[in-house]
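# A look at the structure
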Amino acid sequence: MKKFACLGLSMVMALGLMTGCGNSNGTTGSATEDESATGSTSSTGSTTSQSTTTTGGNLTGTVNTAGSTSMKDVVAVLTECFAEIEPGVTINYTGSGSGAGVEGALTGTCDIGLASRALNDEEKAGGAVEHVVALDGVAIVVNTANAVEDLTVDQIAQIFKGEITNWSELGGADGEIAVFGREAGSGTRGAFEEIVGVVDSCAYTNEYSSTGDVIGNVASNPNAIGYASLSAVGDTVKAVKVNGVTPSEETVKDGTYEIQRPFVMVTKEGTELSEAAQAFLDFALSADSAEFISAAGAVSPNA
Amino acid sequence: MKGIFMVCGFIAIAFVLLITVYLIISGLPAIREVGLIDFLFGTRWDSANQTDPAYGILPFILTSIYGTAGAIVIGVPIGFLTAVFLAKVAPQPVAAVIRPAVDLLAGIPSVVYGLVGMMVLVPWIRTTFDVPAGDSLLAAIVVLAVMILPSIISVSETALKAVPKEYEEASLALGATELETYFRVTAPAAKSGIAAAVVLGVGRAIGEAMAILMVAGNVANMPSLLSSVKFLTTAIAGEMSYAAVGSLQRNALYSIGLVLFLFIMCINVFLNVFLKRNKEG
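An account of the accompanying structure is given in this report. Predicted, not measured: the structure shown is a model, and the values here were computed from it.

### Observations concerning unusual backbone geometry
- The phi dihedral of Asn243(A) is positive, around 50°, even though this residue is not glycine.
- With respect to the element layout, Asn243(A) can be found in the loop between strand S10 (241-242) and helix H8 (249-253).
- Positioned with a positive phi, Asn218(B) is a non-glycine residue whose angle comes to about 60°.
- For Asn218(B), the position within the fold is in the loop between helix H10 (210-215) and helix H11 (232-239).

Have a look at this one:
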């Protein structure tokens, strides 16, 4: 009896394996077909590109982008859409942080650097050129049970510096404020601290290594306050008004919402981009990409 | 054929040497720049501070020691008693259920421990102790204690089972009760194996990063039970992706790695010496 059960089980498993194979075979098959198809179009495209350069679909090459981890979603969406226009171009993305992105653009280790903050004077003096592709609001989030609706930038600064330590001082229920932030080096943290004016003076209760962790912990802790990309804020937490302005796509774009930062593509002055890289940059800055950028949760200034 | 075995053996040794040399080479510059005393005994770590960065890792060292010690204090008694239960007391069907469960516990990825800790343990600590946030040394200790249980249980169980039956029979024949026999005769006879289990637990606890990254809060405070803390491992894991190549911050992270490496080396040497002395004695 036991033997039969074993046999039956192993047969079921073997079948499962086979169906698994079938599926993956199917997908890889179609993928290779796609690839060969794009390969042929791009190769014919490149032969014509010697005579005409402006029509889409005739570029080949690889564009390496590196930098801000916050820009991952935006770059992914742009990559996907750009692939439809220029299927012969491969866009690579490495999430190494804004500082490394600017450095990469300057030293030439990547074609386009990514930074989720405006470039500083030092970087501009080094030859870095910024192209703003999107704006990102940093939302201040609290637990949904928190009665506080509206904070001024000053109050936010005082909370994060540890000068205001109880929600009752802000009109909320009595409770010690738990100040959640991101780890040192995070683009969101850098942007937040710089905009609010609390660089190097924050007294965090906890530091988390991802936006999701911050939101998850704020959602489960009634006394918590944290910050996160506006695009990442869902229904689980409440984004407070800042100086009376509700954070939203419109208020970020018209500049009334104060806590916002630009997503920047960085190139080096005097260094000519490869045709493919230039095309990608032009696409990112064009009005065509605006709706895709807003699909990724950021706001395009070029729409 | 013999040659293949030898080559395989050398590969392992080569990797140990490679890692050792690499860690020493990349770990020393920052220690030299910061100064050994300031590095090891400095109480402030603020590597991202643009105006006044500080690289003192005493908070990490103490947190790692306290965290590991706490996990051992909770984990070893539970683990040891479970091992005694499994090896000697438990009826066959019960042991047949517990043993696979323990093995399963060993197979759970550390990120899952972290997740459960974050979802269950951290909110529980927050409400129970009435603190603003539950991420704390205590949460890390509890998670680590559970994580080291399987290795402690299985190694001590093996050690207890290896004790010759004659010892126990002699003890029972002399009129000792079963429990007296297990704790006065079997356990002392298996003490080197149990010590190995403890050291194995220490090694696992001090090297763990992922699970405690999710429950410890990750602020470089001097350790206290209910405050947010950063371990040696989580300091490296949390900051490495942001530290620019060649910067002092990155080099300091390598130095933390070197310190951690030395810690684990010490534990291994201690284990070897201890086991050898027991065999001779």
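### Considerations on the packing of aromatic side chains
- For the coordinates displayed, the defined rule picks out 13 aromatic pairs over all chains.
- Aromatic pair Tyr204(A) and Tyr227(A): ring centres 6.4 Å apart, planes at 65°, arrangement edge-to-face. Here the residue Tyr204(A) occupies a position in the loop between helix H6 (187-196) and strand S7 (206-208), and Tyr227(A) occupies one in strand S8 (residues 224-229), the gap between them amounting to 23 residues. As far as the burial class goes, Tyr204(A) and Tyr227(A) line up, both buried.
- A centroid spacing of 5.9 Å and a plane angle of 85° characterise the contact between Tyr22(B) and Tyr254(B), whose relative ring orientation is edge-to-face. Of this pair, Tyr22(B) sits in helix H1 (residues 2-34) while Tyr254(B) is found in helix H12 (residues 248-280), placing the two residues 232 residues apart along the sequence.
- Overall, Tyr22(B) belongs to the partly exposed group, its relative accessible area being 48%.

### Remarks on the interface of chain A and chain B
- Across the contact, 25 residues belong to chain A and 19 residues belong to chain B.
- With both sides pooled, the region where chain A packs onto chain B buries about 1800 Å², and carbon together with sulfur makes up 47% of that total.
- Ranking the residues of chain A by area buried against chain B places Ala184(A), Asp200(A) and Glu207(A) at the top, with a combined share of 27%.
- Counting across the interface, chain A meets chain B through zero salt bridges.
- For the interface between chain A and chain B, the tally reads eight residue pairs in polar contact (both at pLDDT 80 or more).
- When residues of the side of chain A that touches chain B are traced back to their parent elements, those giving at least two are strand S6 (178-182), S7 and helix H7 (211-220) of chain A.
- A breakdown of the residues in the side of chain A that touches chain B according to their chemical character gives eight nonpolar, ten polar and seven charged.

### Re the nonpolar core
- If you look at the biggest cluster of nonpolar residues, it comprises 53 residues, and the most contacted ones within it are Phe39(B), Trp45(B), Ile57(B), Phe60(B), Phe231(B) and Ile256(B).
- If you list the elements that add at least two residues to this core, you get H1, helix H3 (58-89), helix H5 (110-129), helix H6 (137-161), helix H9 (191-207), H10, H11 and H12 of chain B.
- Sequence-distant contacts of Trp45(B), that is, excluding residues within four places in its chain, are made with Ala54(B), Tyr55(B), Gly56(B), Ile57(B), Phe60(B), Ala220(B), Lys230(B), Glu239(B), Ala252(B), Leu253(B) and Ile256(B).
- Counting residues in hydrophobic clusters, the runner-up holds 45 residues, among them Ile140(A), Val142(A), Trp167(A) and Val237(A).

### Some details on the pattern of salt bridges
- Summed over the entire model, instances satisfying the criterion amount to eleven salt bridges over all chains.
- For the salt bridge of Arg189(A) with Glu207(A), the shortest nitrogen-to-oxygen distance reads 3.6 Å. In this pair, Arg189(A) is assigned in helix H6 and Glu207(A) in strand S7, connecting sequence segments 18 residues apart.
- Judged by relative accessible area, Glu207(A) falls into the buried class, the value being 10%.
- The shortest N-O distance in the salt bridge between Glu239(B) and Lys230(B) comes to 3.1 Å.

### Section: the environment of Leu260(B)
All names here are of chain B.
- For Leu260, the position within the fold is in helix H12.
- Spatially, the C-alpha atoms of Leu260 and Phe231 are 10 Å apart, while their sequence positions differ by 29 residues.
- If we ignore the near neighbours within four places in the chain, the residues touching Leu260 are Ile206, Leu232 and Thr233.

### Looking at the packing of H6(B) against H9(B)
Residue and element names in this part refer to chain B.
- Where H6 meets H9, the closest approach of the two axes is 8 Å, and the angle between their N-to-C directions is 160°. Judged by the angle between their axes, H6 and H9 are roughly antiparallel. The way H6 lies across H9 gives a crossing that is right-handed. Note on element contacts: H9 touches H6 through Gly193, Ile194, Ala197, Leu200, Gly201, Arg204 and Ala205, opposite Leu144, Met147, Ile148, Ser151, Ile152, Val155, Ser156, Ala159 and Leu160.
- Across the contact of H6 with H9, the residue classes break down as eleven nonpolar, four polar and one charged.

### Quick look at the side chain of Asn221(A)
- Within the secondary structure, Asn221(A) sits in the loop between H7 and S8.
- Those residues in contact with Asn221(A) that sit more than four places away from it in its chain are Asn143(A), Ala178(A), Phe180(A), Arg126(B), Pro132(B) and Ala133(B).

### Looking at the packing of H3(B) against H6(B)
Residue and element names in this part refer to chain B.
- In the contact formed by H3 and H6, the axes pass within 6 Å of each other and the chain directions differ by 40°. Between H3 and H6, the angle is such that the two are oblique. When you trace H3 past H6, the crossing you get is right-handed.
- Taken together, the residues of the contact of H3 with H6 break down into 20 nonpolar, seven polar and three charged.

### A short note on H7(A)
- Looking at H7(A), one finds that the buried residues are Thr211(A), Asp213(A), Val214(A), Ile215(A), Asn217(A) and Val218(A).
- On its buried side, H7(A) packs onto strand S4 (128-143), S6, S7, S8 and strand S9 (237-239) of chain A together with H5 of chain B.

### Details of the pairing of strand S3 (residues 112-115) of chain A
All names here are of chain A.
- Both faces of S3 are covered, namely the face carrying Ile112 and Leu114 and the face carrying Gly113 and Ala115.
- Strand direction decides the pairing type here: S3 and strand S11 (residues 260-268), joined by three bridges, are antiparallel. Each bridged residue has a counterpart across the sheet, and for Gly113 the counterpart in S11 is Val266.

### Brief notes about the pairing of strand S2 (residues 89-95) of chain A
All names here are of chain A.
- Examined bridge by bridge, strand S1 (residues 61-67) and S2 share seven bridges and lie parallel to one another. Looking at S2, one finds that Thr62 is bridged to Thr90.
- Handedness of the crossover joining S1 and S2 through helix H2 (residues 72-85) is recorded here as right-handed.

### Regarding helix H5 (residues 153-161) of chain A
All names here are of chain A.
- Every buried residue of H5 is accounted for by Val153, Ile156, Ala157, Ile159 and Phe160. Around the axis of H5, the buried residues are gathered within 160° of arc, so they sit on the same side.
- In this fold, the buried residues of H5 make contact with S4, strand S5 (150-151), S6, H6, S8 and S10.
- Looking one or two residues past H5, Gly162 carries a phi angle of roughly 85°, positive in sign.

Each value, and the rule that gives it
- Residues numbered from 1 in each chain as written.
- Chains lettered and ligands numbered in written order.
- Predicted model: local features only at pLDDT ≥ 70, side-chain atom pairs only at ≥ 80, totals over all residues.
- Heavy atoms only, no water.
- Helix = DSSP H or I, 4+ residues; strand = E, 2+ residues; numbered from the N terminus.
- Phe/Tyr/Trp six-rings, centres within 6.5 Å; stacked < 30°, edge-to-face > 60°.
- Buried < 20%, exposed > 50% of the residue type's maximum accessible area, 1.4 Å probe, protein only.
- Contact = heavy atoms within 4.5 Å.
- Buried area = accessible area lost by both parts, 1.4 Å probe.
- Salt bridge = Lys/Arg side-chain N within 4 Å of Asp/Glu carboxyl O.
- Polar contact = N/O pair within 3.5 Å; in protein donor to acceptor, adjacent residues only side chain to side chain.
- Nonpolar A, V, L, I, M, F, W, Y, C, P; charged D, E, K, R; others polar.
- Core = buried A, V, L, I, M, F, W, Y, C linked by side-chain atoms within 4.5 Å.
- Axes fitted to C-alpha atoms, helices over the stretch in contact; angles between N-to-C directions.
- Parallel < 35°, antiparallel > 145°, perpendicular 65-115°, else oblique.
- Left-handed = near helix turned anticlockwise from the far one by under 90°.
- Pairing = 2+ DSSP bridges.
- Right-handed = clockwise from strand over helix to strand, strands pointing away.
- Arc of directions from axis to C-beta.

Nothing here speaks to function; it is all geometry.
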